[in-house]
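Structure assessment
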Amino acid sequence: MSIWVRGAVRLVQQNPVCNIQRQGFSQIQPLRMRFIQFQNATSAGQRIGVELDREKIVDLNSFDSSLPPTMREFLEAGDAAFQTAKRALNSGQHILNRNDLTILAPITNPDKVVCVGMNYVDHCLEQNVPVPKEPIIFSKFPSSIIGPYDSIVLPPESKEVDWEVELAFVIGKRGKNIKEEDAMEYVAGFTVAHDVSARDWQMKKNGKQWLLGKTFDTFCPLGPALVSKDSISDPHGLGIRCRVNGNLVQDSNTNQMVFKTQSLIAWENWPKIVKKYIFFLFSGDIFLTGTPPGVGVFRKPPIYLKAGDVVECEIDELGVIRNPVM
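Reading the values: rules and limits
Residues numbered from 1 in each chain as written. Predicted model: local features only at pLDDT ≥ 70, side-chain atom pairs only at ≥ 80, totals over all residues. Heavy atoms only, no water. Helix = DSSP H or I, 4+ residues; strand = E, 2+ residues; numbered from the N terminus. Buried < 20%, exposed > 50% of the residue type's maximum accessible area, 1.4 Å probe, protein only. Contact = heavy atoms within 4.5 Å. Patch = residues over 30% accessible without salt bridge, like charges linked within 9 Å, V, L, I, M, F, W, Y side chains within 5 Å. Areas by Shrake-Rupley, 256 points an atom, 1.4 Å probe, with all protein chains shown as cover. Salt bridge = Lys/Arg side-chain N within 4 Å of Asp/Glu carboxyl O. Phe/Tyr/Trp six-rings, centres within 6.5 Å; stacked < 30°, edge-to-face > 60°. pLDDT = per-residue confidence, 0-100. Core = buried A, V, L, I, M, F, W, Y, C linked by side-chain atoms within 4.5 Å. Domains from an automatic or database assignment. Pairing = 2+ DSSP bridges. Axes fitted to C-alpha atoms, helices over the stretch in contact; angles between N-to-C directions. Expected span 1.5 Å × (residues − 1).

Across its full length, the chain holds 9 helices and 18 strands. Burial status across the chain gives 55% buried among its 326 residues.

So this is what it looks like as structure tokens:
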């Protein structure tokens, strides 16, 4: 059974009223949508769509030209934009063939990309290191983001480029000083991320700071869709895996995460060691939540990506991103 169909079956089985109230979206009606950003040959610039099924996309900007053309602006527009999208999905109009479109990352211009290191218990065991007591936070520059099928470009400055499949969540509305019990109200949805990593820059150069090794251009593939949180049975109980050239290299479950979505949002705003607020979260901000075991650097001998490889990152109910390496 396909990922899209499995997700649809779970949605039919869920109680929509209880679910929508629990997870913090509008209580008018459930969203249950998979948003994409795309370009096509007939329209200038990027646009927003909603998946009708695996092959068809509803063009939201054609349905209502007042809707913003980027997902970040769409999120900033709030509940009214979501309800317009729901009407568009139910209208049966402005339907495009997915194969005719260029699918972009679901968020292309976030204010920030927040990353969490060492956030899977089994990944810590792989390295024989203690499970962190507090989240290990670093960042990727937004300029590293590419689409779900775009090419990863190996930089000539690195010979040790590695793979890391990750669950990502996207902030839906501005917030600060957020309590853990309220955190999911600030989450718009989830997507698949690939935290491509230059291990030589991460572990050997620049004082062993992680930033530069994580943020080369093309080092953050995202997609294929921003899946609304009420479309997911449990974001902390999803199969997560990575394949390189068809070979399974990572295979785990998001239940191995040390710090779950709610605690990451609350910790970022109330860090105990600082005792003050760090930064606002804005609509469209992206959190990459860590990777499971199976990365190349800890293999014996280590294995790194090379030109001609193809990396597939997959998370149940969210989809697959497939990026060739060049």
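Within the secondary structure, Ile57 is located in strand E3 (residues 56-59). For Ile57, a relative accessible area of 0% corresponds to the buried category. Between the alpha carbons of Ile57 and Asn97 there is a distance of 6.3 Å; along the sequence they are 40 residues apart. Residues within four places of Ile57 in sequence aside, it is in contact with Ile36, Phe38, Gly49, Val50, Glu51, Leu52, His94, Ile95, Leu96, Arg98 and Leu101.

The next subject is a nonpolar patch on the surface. On the surface, a cluster of nonpolar side chains totalling about 240 Å² of accessible area is made up of Val121, Leu125 and Val131. Here Val131 is to be found in the loop between helix H6 (121-127) and strand E7 (136-140).

Our next topic: unusual backbone geometry. Cis geometry is adopted by the peptide bond preceding Pro224, which originates at Gly223 and carries an omega value of -5°. Here the bond from Lys300 into Pro301 is cis, since omega is -5°, no more than 30 degrees from zero. Here Pro301 is to be found in the loop between strand E16 (286-288) and strand E17 (310-315). Unusually for a residue other than glycine, Asn245 sits at a positive phi of about 55°.

Now for the packing of aromatic side chains. Summed over all chains, the structure comprises 9 aromatic pairs. Taken together, a centroid distance of 6.2 Å and an interplanar angle of 75° make the contact between Trp201 and Phe216 edge-to-face. On the criterion of sequence distance, the pair formed by Trp201 in helix H7 (residues 199-203) and Phe216 in the loop between helix H8 (211-214) and strand E13 (220-228) is long-range, its members being 15 residues apart. With a relative accessible area of 21%, Trp201 lands in the partly exposed category.

Our focus in this paragraph is the pattern of salt bridges. The final tally for this structure, using the stated rule, is 18 salt bridges. Notably, a salt bridge pairs Arg72 with Glu76, separated by 3.5 Å at the nearest N-O pair. Here Arg72 and its partner Glu76 are both found in helix H4 (residues 71-76), 4 residues apart, which amounts to about one turn of the helix. The salt bridge involving Arg322 is made with Glu312; its shortest N-O contact spans 3.6 Å.

Time to look at the confidence of the model for the chain. Close inspection of predicted coordinates is inappropriate in any region flagged by low pLDDT. In the predicted model, the chain carries a mean pLDDT of 88, and 87% of its residues have values of at least 70. Here residues 1-29 is a poorly scored stretch, pLDDT under 50, and it has 54 contacts once near neighbours within four places are set aside; other chains count.

Looking now at the nonpolar core. Core analysis: the largest hydrophobic core is formed by 48 residues, its most contacted members being Phe169, Phe190, Ile265, Val311 and Leu318. Per-element accounting of this core gives the leading share, 4 residues, to strand E10 (residues 165-171). Here this core spans two domains, and each of domain 1 (34-103) and domain 2 (113-325) adds at least three residues to it. With 31 residues, the next largest nonpolar core counts Leu31, Val170, Leu222 and Leu288 among its residues.

Counting buried positions over the 8 residues of strand E11 (residues 187-194) gives 8, a clear majority of the element. The sheet contact formed by E10 and E11 spans 7 bridges and is antiparallel. By the bridge assignment for E11, Val165 is matched with His194. In this structure, E11 lies alongside E13, joined through 4 bridges in antiparallel fashion. Opposite Gly189, over in E13, you have Ser228 as the bridge partner.

In a beta sheet, neighbouring strands pair by backbone hydrogen bonds and run either parallel or antiparallel. Pairing is antiparallel across the open sheet formed by 4 strands, whose spatial order is E15-E14-E17-E18. The open sheet is flanked by strand E15 (247-253) and strand E18 (319-324), the only strands paired with a single partner. In this sheet, neighbouring strand axes are inclined to one another by 10° on average, regardless of whether the strands run parallel or antiparallel. Sheet topology places E17 next to E18; 6 bridges connect them, and they run antiparallel.

Our next topic: the pairing of strand E2 (residues 43-51). Every other side chain in a regular strand lies on the same face of the sheet, so the side chains alternate between the two faces. Here strand E1 (residues 34-40) runs beside E2; their pairing, made up of 5 bridges, is antiparallel. If you follow Gln37 over to E2, its bridge partner there is Ile48. Of the strand pairs in this sheet, E2 and E3 are connected by 3 bridges, and their pairing is antiparallel. By the bridge assignment, Gly49 is partnered in E3 with Asp59. In this antiparallel pair of consecutive strands, E2 and E3, the connection spans 4 residues.

Relative to the 18 Å expected for 13 residues at 1.5 Å per residue, helix H5 (residues 79-91) spans 18 Å between its end C-alpha atoms, a close match to the ideal helical length. Regarding H5, the residues found buried are Ala81, Phe82, Gln83, Thr84, Ala85, Lys86, Ala88 and Leu89. Its buried side turned inward, H5 meets E1, E2, E3, helix H3 (60-63) and H4. At the C-terminal side of H5, Gly92 shows a positive phi close to 75°.

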